[in-house]
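Per-entry structural report
What follows is each chain in one-letter form.
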Amino acid sequence: MVRIKNRYIAVQIVPYAPVNTLRLNDHTLTKCLLQNVEKYYGVYGLGILEHGFRVKYCNERTKIAIIRCLHRGQRYVSSILPLITLIGDVRAKFRTLYVGATIIQCNKFIINHQRQFLDRMMGQVASAKERQDLFKRVMELDMDR
């Protein structure tokens, strides 16, 4: 029996124009990444990625996503990320934050990263209700997609 090894890539989406929330979902990111892999690596690169490829998590508020791919296709995904300048209809770029072998380690990194984001953003929010709302939206990690 052969074990299937996955890689999890945590990325941050940095838009060129300042916006509070991006109207992106996991389907849009998947479509964008697969189109660009096919553009630069052809059918061979697309064939390697299609089997285990999935966007596991996408937070519009913090602009962070977790991408799962097979171990053998990780180089294709990580090399294509800096070349992407258009995600859906938004001009943006990807910034790779973390590459890990397990989703648990990737989640730990994302939680630490989002805590740092909350520390920066809490000073800009005026009321306590808005702070609680911001905390709820940022710290949600819904991986059940």
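Structural data are supplied above this passage.
An account of the accompanying structure is given in this report. Note that the coordinates shown come from a computational prediction; the quantities given were computed from them, not determined experimentally. Along each chain, residue indices are assigned from 1 in the same order as the chain's sequence is written. The model is predicted, so local features are restricted to residues of pLDDT at least 70 and side-chain atom pairs to those at 80 or more, both for listing and for counting; the totals for chains, interfaces and linings are taken over all residues. Hydrogens and water are ignored here; the side-chain numbers use all heavy atoms of the structure.

What follows is about the sheet that holds strand 1 (residues 6-15). The antiparallel open sheet is built from 5 strands, whose spatial order is 2-3-1-5-4. Across the chains shown, the open sheet's two edge strands, defined by having one partner strand only, are strand 2 (54-59) and strand 4 (86-87). Across 7 bridges, strand 1 lies against strand 3 (residues 64-70) in antiparallel orientation. Residue Val-11 lies in a different strand from strand 3, and its bridge partner there is Ala-65. On the sheet, helix 1 (residues 26-50) packs against strand 1, strand 2, strand 3, strand 4 and strand 5 (90-100) and is oriented at approximately 150° with respect to strand 2. The strands touched by helix 3 (residues 103-122) within the sheet are strand 1, strand 2, strand 3 and strand 5, with strand 3 carrying the most contacts at an inclination of about 165°. The criterion for strand pairing is that DSSP finds at least two bridges linking the strands in question. Helix and strand assignments come from DSSP, with helices taken as H or I runs of at least 4 residues and strands as E runs of at least 2, each series counted from the N terminus. Working rule for contacts: check all heavy atoms of both residues, and any pair within 4.5 Å makes them a contact. For helices, the fitted line uses only the C-alpha atoms of the stretch in contact; every axis is such a line through C-alpha atoms, and the angle between N-to-C directions lies from 0 to 180 degrees.

What follows deals with the packing of aromatic side chains. Two aromatic rings from Phe, Tyr or Trp, using only the six-membered ring of Trp, form a pair when their centres are within 6.5 Å; if the ring planes differ by under 30 degrees the pair is stacked, by over 60 it is edge-to-face, and anything between is tilted. Under the counting rule described, the total for this entry stands at 3 aromatic pairs. Note on Tyr-41 and Tyr-76: the rings are 4.8 Å apart at their centroids and 85° apart in plane angle, and the pair reads as edge-to-face. With a gap of 35 residues between them, Tyr-41 in helix 1 and Tyr-76 in helix 2 (residues 74-80) connect regions that are remote in the sequence. Accessible area is worked out with a 1.4 Å probe on protein chains only. A residue is then buried under 20% of its type maximum, exposed over 50%, and partly exposed in between. Classification of Tyr-76 by relative accessible area gives buried; the value is 19%. Both rings, one in Tyr-44 and one in Tyr-76, keep their centres 6.4 Å apart while their planes meet at 75°; by these two values the pair is edge-to-face. Of this pair, Tyr-44 sits in helix 1 while Tyr-76 sits in helix 2, placing them 32 residues apart in sequence. Judged by relative accessible area, which is 57%, Tyr-44 ranks as exposed. Taken together, the ring pairs in this structure connect Tyr-41, Tyr-44 and Tyr-76 into an aromatic cluster.

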